[in-house]
Amino acid sequence: MTSYIIRRLFMGVVVIFIVTVIVFLFIRLLPGDPLTIYLNKTDMQQLTEEQLQELRVKFGLEKSLPMQYIDWMAGLFKGDMGQSIYYDIDVRILMTERMPVTLYLGALAFVISGVLGIAFGVICALKRGTWLDTLVTLLANIGVTMPSFWVGIILIYILSVKAGWLPVSGYISPFEDFWESTRRIIMPVTCLALFPVASLTRLTRSSMLEVIQQDYIRTAWSKGLKERLIVSRHTIKNALIPVITVIGVQVAFIFGGSVLIESVFNINGIGRLATQAVQNQDYQVVQAITLIMAIMVVIANLIVDISYGWLDPRIRYE
Amino acid sequence: MSLLSIENLKTYFHTYRGLVKAVDGVSFNVDEKEIVGLVGESGCGKSVSMLSVLQLISSPPGEIVGGKVMFEGQDLLKYRSKSNMMNSIRGAKIAMIFQEPMTSLNPVLTIGRQLTESMEVHLKMTPQMARERAVELLRLVGIPDAKRRLDAYPHQFSGGMRQRMMIGIALSCNPKILIADEPTTAVDVTTQAQLLELMRDMVDRFNTALIIVTHNLGVVARYAERIYVMYSGRIVESGLADEIFLEPRHPYTIGLLKCVPQLGETRQERRLEPIKGLPPNLINMPPNCAFLPRCNYAIDRCNLEPWPSLKHVGGRHYVACFREILEKS
Ligand SMILES: Nc1ncnc2c1ncn2[C@@H]1O[C@H](COP(=O)(O)OP(=O)(O)O)[C@@H](O)[C@H]1O
Ligand SMILES: [Mg+2]
């Protein structure tokens, strides 16, 4: 088990390394120059070539690509994520400011989608063929096909613009004003959780229906156990085995979604920061965000693989 | 009065290819402590009729459309499948062992959990008591090192050991009847014999009646006191083991006996004759005798009239055939 985790961690490091190389190259291959954008912002277009060169040296942009990559890596090992060109501050400051917002929304969406998706799926399977099952399955099928940002815009239009029940956009910390904060995150969290809830509902339902037909469930009935016990003890644990895999993938999905949703709702998390950083060619910021997201996705998948063993005793970690 | 008597049971499946009359008017009874065999080719409706007794038919597509299942003075078919009444019968009064040892146990629950749960439910045992009794049961069914095995999972057991465990689970609440649905079909021959011996010893010890369902005449010959021969959803012949083996009267039974090798018989003495043709598929059956297309004894009447009902022909012997065949073997 320990050696399995160590091997998986090692593989995770390899994956993360590949991700850093790819994002490092891609952001630099995009047309445009971060300095030009920075200068446009600061109204300093009239710089001489020497002054430009000075700025390049300041941000380490005068070096060759491999050297820049090594600089970045060396910095990371010292706990330094580099300097944002566009904002001209330490990337760590940006991250500590923006990260909690995205984590808060993402964690809420993750927990809500896990709880609701599994609950809906189980209920649908147990009530198969009833109007409730038909309705929820229909909604889930619609849910997986609708783009979340589009749902966000529709929600804003209906709930904020027309009805005036919820603020259009923006974010404030729950520590500042819990009630107002909650009002503001209802719509973005709904959008983030929409696809995960819908897909987990579908998957849990079909997995439950498959398990219900297994011979060992018939054996459980033949023992005279009550339906409640058969569902809770014999069915759900088996049905969750395939669901757990997808829950790991949801982490990546929710992070991806936050890039769009934070822009739609004007929320200053790292999702929106990522969009802006790509537009501004803010190399170090894009790199840092991608790295953090990659690390979290790798960890999520590791947790998923370990929880498999807890669900399914047939799995051996070799 | 019999312990269990099934009267004119009908279980149909509504499939997209048509109506499958898997069990079509089966009557059957079992006395206390009796060992009864139910024989027939696979697909003839043996499992479905036994599952119907406990209402374990998945519905849809299955439906018990008629008949009675009388047990201790009550018609079990009057109760819904998920009713408390059925739950208090299943496992406690009538227990069942299934054919597939590899898939009949829950892969994610420990052996101990699966052994103790029916005792906790029916006998109201505490988990501690149930565990102690589980150890004893595992010993009784011949699983060594029982205490340690309680925390093992089914995949760590061989097929034969799982069936032993199933026997232990089935007998844990001291049921009146044990239904063993082809319990040895999926295990190798030596294990088969051991399991059958074990089952006989156990029902003897627990004073339980046993219904052995099988397609293997050798098995019933050795263990059953009384035999039902099933063909295409109906009972075609029933009687004491001697009556069936020494004086088979239905062409199907005669055919079955002709294709089983007997001990001490040489190749020259008797050729084994397989029954020609295939068992019918049960979709949209004609009303007359289902064995007709394969029958060597058919007469005109068989074509003209609907399926004959069971007739008493002496002793406890019943046959469903228009011909009065008497073949001594
Ligand atoms: N779930 C089901 N759906 C449709 N038909 C079924 C189902 N279960 C059993 N049957 C039909 O019922 C018939 C009897 O099956 P079964 O009782 O399992 O036979 P066996 O005598 O081998 O135990 C078979 O012909 C099969 O096609
Ligand atoms: Mg069968």
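Residues numbered from 1 in each chain as written. Chains lettered and ligands numbered in written order. Predicted model: local features only at pLDDT ≥ 70, side-chain atom pairs only at ≥ 80, totals over all residues. Heavy atoms only, no water.

1. Points about the environment of A130 of chain B
Residue and element names in this part refer to chain B.
Right, on to step 1. As for its position among the elements, A130 is in helix α4 (residues 127-140).
Right, on to step 2. Spatially, the C-alpha atom of A130 lies 6.6 Å from that of E120, the residues being 10 residues apart in sequence.
Right, on to step 3. Discounting residues that sit within four places of it in the chain, A130 has contacts with T116, M119, E120 and M125. (Helix = DSSP H or I, 4+ residues; strand = E, 2+ residues; numbered from the N terminus. Contact = heavy atoms within 4.5 Å.)

2. What about the domain arrangement of chain A?
All names here are of chain A.
Right, on to step 1. For chain A, the assigned domains read domain 1 (2-77) and domain 2 (98-311).
Right, on to step 2. On a C-alpha basis, the centres of domain 1 and domain 2 stand 32 Å from each other.
Right, on to step 3. Summed over both partners, the interface of domain 1 with domain 2 comes to about 1,800 Å²; 73% of that surface belongs to carbon and sulfur atoms.
Right, on to step 4. Here domain 1 is connected to domain 2 by 1 salt bridge.
Right, on to step 5. For the salt bridge of D305 with R8, the shortest nitrogen-to-oxygen distance reads 1.8 Å.
Right, on to step 6. For the pair domain 1 and domain 2, the number of links is 2 residue pairs in polar contact (both at pLDDT 80 or more).
Right, on to step 7. Elements with a contribution of two residues or more to the side of domain 1 that touches domain 2: α1 (2-29), α2 (34-42) and α4 (65-77).
Right, on to step 8. With 13 residues, the top contributor of residues to the side of domain 1 that touches domain 2 is α1.
Right, on to step 9. Here the side of domain 1 that touches domain 2 is built from residues that sort into 16 nonpolar, 3 polar and 3 charged. (Domains from an automatic or database assignment. Buried area = accessible area lost by both parts, 1.4 Å probe. Salt bridge = Lys/Arg side-chain N within 4 Å of Asp/Glu carboxyl O. Polar contact = N/O pair within 3.5 Å; in protein donor to acceptor, adjacent residues only side chain to side chain. Nonpolar A, V, L, I, M, F, W, Y, C, P; charged D, E, K, R; others polar.)

3. Remarks on the packing of α1 of chain A against α4 of chain A
Between two packed helices, both the angle of their axes relative to each other and the distance between the axes serve to describe the pair.
Residues and elements named next belong to chain A.
Right, on to step 1. Where α1 contacts α4, the two axes come as close as 11 Å, and the packing angle between them is 130°. Between α1 and α4, the crossing angle belongs to the class labelled oblique. Note on packing geometry: the crossing formed by α1 with α4 is right-handed. Residues F17, T20, V21, F24, L25 and R28 of α1 pack against L65, Q68, Y69, W72 and M73 of α4.
Right, on to step 2. Its residues assigned to classes, the contact of α1 with α4 shows 8 nonpolar, 2 polar and 1 charged. (Axes fitted to C-alpha atoms, helices over the stretch in contact; angles between N-to-C directions. Parallel < 35°, antiparallel > 145°, perpendicular 65-115°, else oblique. Left-handed = near helix turned anticlockwise from the far one by under 90°.)

4. A word on the domain arrangement of chain B
Accessible area lost when the parts come together is the quantity often used to give the size of an interface.
Residues and elements named next belong to chain B.
Right, on to step 1. According to the domain assignment, chain B contains domain 1 (4-224) and domain 2 (234-263 + 273-319).
Right, on to step 2. Taking the mean C-alpha position of each, domain 1 and domain 2 sit 27 Å from one another.
Right, on to step 3. Contacts between domain 1 and domain 2 engage 20 residues on the former and 14 residues on the latter.
Right, on to step 4. Note on domain 1 versus domain 2: buried area summed over both sides is about 1,500 Å², and carbon and sulfur give 59% of it.
Right, on to step 5. Across the contact surface, domain 1 and domain 2 share 2 salt bridges.
Right, on to step 6. Counting across the domain 1 and domain 2 interface gives 3 residue pairs in polar contact (both at pLDDT 80 or more).
Right, on to step 7. For the side of domain 1 that touches domain 2, the elements supplying multiple residues, two or more each, are β2 (18-30) and α8 (217-223).
Right, on to step 8. A total of 9 residues in the side of domain 1 that touches domain 2 trace back to one element, the largest contributor, which is β2.
Right, on to step 9. Taken together, the residues that form the side of domain 1 that touches domain 2 break down as 9 nonpolar, 5 polar and 6 charged.

5. A word on the sheet that holds strand β6 (residues 94-97) of chain B
Residue and element names in this part refer to chain B.
Right, on to step 1. With mixed pairing, the 8 strands of this open sheet are ordered in space as β6-β7-β8-β3-β9-β10-β12-β11. Pairing within the sheet leaves two strands with one partner each, and these edge strands are β6 and β11 (311-312).
Right, on to step 2. Bridge analysis of strand β3 (residues 35-39) against strand β9 (residues 226-231) gives 4 bridges, and the strand direction is parallel. Residue pairing across strands places L38 opposite Y228, the latter belonging to β9. (Pairing = 2+ DSSP bridges.)

6. Some details on the interface of chain A and chain B
Right, on to step 1. Between chain A and chain B, the contact holds 21 residues from the first and 27 residues from the second.
Right, on to step 2. Each partner contributes to the roughly 2,300 Å² buried at the junction of chain A and chain B, and carbon and sulfur atoms together form 58% of this total.
Right, on to step 3. Interface area lost by chain A to chain B is led by R218, K223 and R233 of chain A, which between them contribute 26%.
Right, on to step 4. Between chain A and chain B we count 3 salt bridges in total.
Right, on to step 5. As a salt-bridge pair, K82 of chain B and E227 of chain A come within 3.0 Å of each other at their nearest N and O atoms.
Right, on to step 6. Where chain A touches chain B, the interface holds 14 residue pairs in polar contact (both at pLDDT 80 or more).
Right, on to step 7. For the side of chain A that touches chain B, the secondary structure elements donating two or more residues are α9 (215-222) and α10 (227-264) of chain A.
Right, on to step 8. Element by element, the count of residues in the side of chain A that touches chain B is highest for α10 of chain A, at 7 residues.
Right, on to step 9. Its residues assigned to classes, the side of chain A that touches chain B comprises 7 nonpolar, 5 polar and 9 charged.

7. Regarding unusual backbone geometry
All names here are of chain B.
Right, on to step 1. Here the bond from S59 into P60 is cis, since omega is -5°, no more than 30 degrees from zero.
Right, on to step 2. Summarising the element assignment, P60 is placed in the loop between α1 (46-53) and β4 (62-71).
Right, on to step 3. Of note, the amide linkage connecting P60 to P61 takes the cis form, showing an omega dihedral of 10°.
Right, on to step 4. Tracing the backbone through its elements, the reader meets P61 in the loop between α1 and β4.
Right, on to step 5. At E182, a position not held by glycine, the phi torsion is positive, near 45°.
Right, on to step 6. When you line up the elements, E182 lands in the loop between β7 (177-181) and α7 (189-206).

8. Comments concerning the sheet that holds strand β1 (residues 4-15) of chain B
All names here are of chain B.
Right, on to step 1. Spatially, β2-β1-β4-β5 is the arrangement adopted by the 4 strands of the open sheet, whose pairing is antiparallel. Single-partner strands in this sheet number two, and they are β2 and β5 (74-75).
Right, on to step 2. Two strands pair when backbone bridges link them, and β1 and β2 are joined in this way by 10 bridges, in the antiparallel orientation. When the sheet's bridge partners are listed, T11 is paired in β2 with V23.
Right, on to step 3. Contacting β1, β2 and β4, α1 crosses the sheet at an angle of about 115° to β1.

9. Some words on α7 of chain B
The α-helix advances 3.6 residues per turn, and as a result positions three or four apart in sequence lie on the same side.
Residues and elements named next belong to chain B.
Right, on to step 1. Across its 18 residues, α7 extends 26 Å between first and last C-alpha, which sits within 8% of the 26 Å expected from 1.5 Å per residue.
Right, on to step 2. For α7, the set of buried residues is T191, Q192, L195, L196, L198, M199, M202, V203 and F206. For α7, the angular spread of buried residues about the axis comes to 165°, placing them on one side. Exposed residues pointing more than 90 degrees away from the buried face of α7 are listed as V189, T190, D204 and R205. (Expected span 1.5 Å × (residues − 1). Buried < 20%, exposed > 50% of the residue type's maximum accessible area, 1.4 Å probe, protein only. Arc of directions from axis to C-beta.)

10. Some words on the site of ligand 1
All names here are of chain B.
Right, on to step 1. Around ligand 1 sit 13 residues, and of these G43, G45, K46, S47 and V48 come closest.
Right, on to step 2. Separating an oxygen atom of ligand 1 from a backbone N or O atom of K46 is a distance of 2.9 Å.
Right, on to step 3. Sorting the residues of the shell around ligand 1 by element identifies β1 and α1 as the ones contributing at least two each.
Right, on to step 4. Per-element accounting of the shell around ligand 1 gives the leading share, 3 residues, to α1.
Right, on to step 5. Grouping the constituent residues of the shell around ligand 1 by class yields 6 nonpolar, 5 polar and 2 charged. (Near = heavy atom within 4 Å.)

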